[in-house]
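Examining the three-dimensional arrangement
Residue strings, one per chain:
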Amino acid sequence: MDFIAGAIGGGLSTAVGYPLDTVKVRIQTEKHYNGIWHCIQETYRTEKVWGFYKGVSASVLTVSVISSVSFGTYRNFLCTVCKLRYGAADVKPSKLDVSLAGGAAGAARVVLMTPSEVAKVRMQTQRNPHPSIASPKPVSKPKYRGSLHCLKVIAKEEGFGGLYKGCSALLCRDCASSAVYFLTYSALCDWLTPAGKNKPGFLVVLLSGGFAGVLAWGLATPLDVIKSRMQIDESDQHKYKGLIHCARESVRKEGAKVLFKGLGLNCIRAFPVNMVVFVTYEAVLRFTDHY
């Protein structure tokens, strides 16, 4: 049931946070934006509302699957660790147990997540002026017509490896941030839940999920920047040789502050998105337990 609850929570959260995710990716990968508001204005001016939702259909499906794998792996790994250490799956886990299970959940989802992340980033950074925008030149057809077409083109032009660009940065980002994410959520729920209650109330779940998301994304932003830059590096560019080279070149050209591009936006987006994830996850589990 953890897999189903995670899938529903992940799908709903994508619908909530996707426009801000598009803005975040553009700020991280392109130099001509002066800030969040400038990026929003320019995207809307040239591409209207649809510009914020490029690649969203595939993202909803993949995030649902990835969230399912993440929560399912977390819960099952935690139960296995508790059985091995304490002899029973339902005992209260330690903070180390929760962190290890969170890290395992982050690692498990990277295999599924990387191709969809590559397609999402390529779609989000592709320029398609809205038909209503006057232009003296005829508008050329976009290279990628949709998320699936994008994956097909990448596989054809860049090979199987192209679908896994940025995988090293994504693995580092998700193992660490997922461990922090689940540990923060668990610790806040324990702290805010009154003594004598077995489960946290929904307000506690909302606040714990929101703050867990903010802290995890705050720590993950530098690797998120590197991941996005590696993933937009197409076959004819070859700007980056790997994670370290990408980080070194980005810092050399734009200073250390480049690693924190989109930090504020990540944190703003993380609170409502992860509130939705956890409250949906808990609601589905409690509904099935009740009936």
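Numbers given for residues are sequential positions, taken from 1 along each chain in its written order. In keeping with the predicted nature of the model, local features appear solely for residues at pLDDT of at least 70, side-chain atom pairs appear and are counted solely at 80 or more, and the whole-chain, interface and lining totals rest on all residues. Excluding hydrogens and water, the side-chain values take into account all heavy atoms of the structure.

Note the cut-off: UniProt positions are given in the numbering used here, feature names are shortened, and annotations may be inferred rather than shown by experiment.
The name recorded for the chain in an unreviewed UniProt entry is Solute carrier family 25 member 47, from Leptosomus discolor. Entered under Sequence similarities (unreviewed entry) in the UniProt record, the comment concerning the chain runs "Belongs to the mitochondrial carrier (TC 2.A.29) family."

1. Side note on the environment of leucine 219
As a reminder of what qualifies: A helix here means a DSSP run of H or I that spans at least four residues, while a strand means a run of E at least two residues long, and both kinds are numbered starting from the N terminus. The buried label goes to any residue with under 20% of its type's maximum accessible area, the exposed label to any with over 50%, and the partly exposed label to all in between, with areas taken from a 1.4 Å probe on protein chains only.
As for its position among the elements, leucine 219 is in helix 7 (residues 202-231). With a relative accessible area of 54%, leucine 219 lands in the exposed category. Separated by 44 residues in the primary sequence, leucine 219 and leucine 263 have C-alpha atoms spaced 9.1 Å apart.

2. As for the layout of surface pockets
Where we set the bar: In this analysis the probe radius is 1.4 Å and the grid spacing 1 Å, with only protein atoms considered; a cavity is a set of points the probe fits into but cannot get out of, a pocket is an open set with protein on both sides within 12 Å along at least five of seven lines, and lining residues have an atom within 4 Å of a point. Grid points are joined across faces, edges and corners, and a volume is the space filled by probe spheres set on the points. Three categories are distinguished: nonpolar for Ala, Val, Leu, Ile, Met, Phe, Trp, Tyr, Cys and Pro, charged for Asp, Glu, Lys and Arg, and polar for the others, with Gly belonging to the last.
One number sums up the size of the largest pocket: a volume of about 950 Å³. Arg75, Ser186, Asp190, Asn198 and Glu282 are the residues nearest the centre of the largest pocket, which is lined by 34 residues in total. Among the secondary structure elements, those contributing two or more residues to the lining of the largest pocket are helix 3 (56-86), helix 4 (95-125), helix 6 (167-192) and helix 9 (263-290). Among the elements that take part in the lining of the largest pocket, helix 6 stands out by supplying 7 residues, more than any other. Partitioned by chemical class, the residues of the lining of the largest pocket number 19 nonpolar, 4 polar and 11 charged.

3. Details of unusual backbone geometry
Phi at lysine 48 takes a positive value of approximately 60 degrees, unusual for a residue other than glycine. As for its position among the elements, lysine 48 is in the loop between helix 2 (36-47) and helix 3.

4. Considerations on helix 2
In plain terms, the rule: By this rule, a helix spans an expected 1.5 Å times one less than how many residues it contains. By definition, the arc is the one covered by directions from the helix axis to the C-beta atoms.
Here helix 2 spans 16 Å end to end across 12 residues, near enough to the 16 Å set by a 1.5 Å rise per residue. Among the residues making up helix 2, those that are buried are Cys39, Thr43, Thr46 and Glu47. The arc enclosing the buried residues of helix 2, seen along the axis, measures out at 85 degrees, which places them on a common side. Looking at the residues trailing helix 2, positive phi occurs at lysine 48, about 60 degrees.

5. What about the nonpolar core?
Definition in use: Side-chain atoms within 4.5 Å link the members of a nonpolar core, which is a set of buried Ala, Val, Leu, Ile, Met, Phe, Trp, Tyr and Cys residues.
Core analysis: the biggest nonpolar cluster contains 18 residues, and Phe71, Tyr74, Tyr181, Phe182, Tyr185 and Phe278 have the highest contact counts within it. Elements represented by at least two residues in this core include exactly helix 3, helix 4, helix 6, helix 7 and helix 9.

6. A few points about the packing of helix 4 against helix 6
Relative orientation and spacing of two packed helices are given, respectively, by the angle between their axes and the distance between those axes. Stated formally: In this analysis an axis means a line fitted to C-alpha atoms, helices contributing only their contacting stretch, and an angle means the value between N-to-C directions, from 0 to 180 degrees. Reported orientations rely on four angle classes, namely roughly parallel under 35 degrees, roughly antiparallel over 145, roughly perpendicular from 65 to 115, and oblique for the rest. With the far helix as reference, a near helix turned anticlockwise by less than a right angle produces a left-handed crossing, and one turned clockwise produces a right-handed crossing.
Interhelical geometry of helix 4 versus helix 6 gives an angle of 140 degrees and a closest axis separation of 7 Å. Classed by the angle they form, the pair helix 4 and helix 6 counts as oblique. Note on packing geometry: the crossing formed by helix 4 with helix 6 is right-handed.

7. With respect to empty space enclosed by the protein
Applying the stated criterion across every chain yields a total of 1 cavity of 30 Å³ or more. Of the volumes computed, that of the largest cavity is approximately 680 Å³. Around the largest cavity, the lining is made up of 32 residues, and of these Val63, Met113, Trp217, Arg269 and Val273 lie nearest the centre. Every element with two or more residues in the lining of the largest cavity is listed here: helix 1 (2-29), helix 3, helix 4, helix 6, helix 7 and helix 9.

8. Considerations on the pattern of salt bridges
Using the following cut-off: The salt bridge criterion pairs a side-chain nitrogen of Lys or Arg with a carboxyl oxygen of Asp or Glu, the two atoms within 4 Å.
Evaluation of the coordinates by the stated rule reveals 21 salt bridges. With its nearest N and O atoms 3.9 Å apart, the salt bridge here joins glutamate 117 to lysine 120. On the criterion of helical spacing, the pair formed by glutamate 117 and lysine 120 is a turn pair, its members being 3 residues apart in helix 4. The pair glutamate 117 / lysine 120 is uniform in exposure class, with both members buried. Note that glutamate 254 is salt-bridged to lysine 261, the shortest N-O span being 3.4 Å. One continuous salt-bridge network, built from bridges that share partners, spans Asp21, Lys24, Arg109, Glu117, Lys120, Arg173, Asp174, Asp224, Lys227 and Arg269.

9. Some details on helix 7
Filter applied, for reference: To obtain the bend at a residue, axes are fitted to the seven residues ending there and to the seven starting there, and the angle between these axes is taken.
The end-to-end C-alpha distance of helix 7 is 37 Å, clearly below the 44 Å that 30 residues give at a rise of 1.5 Å each. Threonine 221 marks the point of greatest bend in helix 7, at about 55 degrees, and the proline proline 222 comes within the next four residues.

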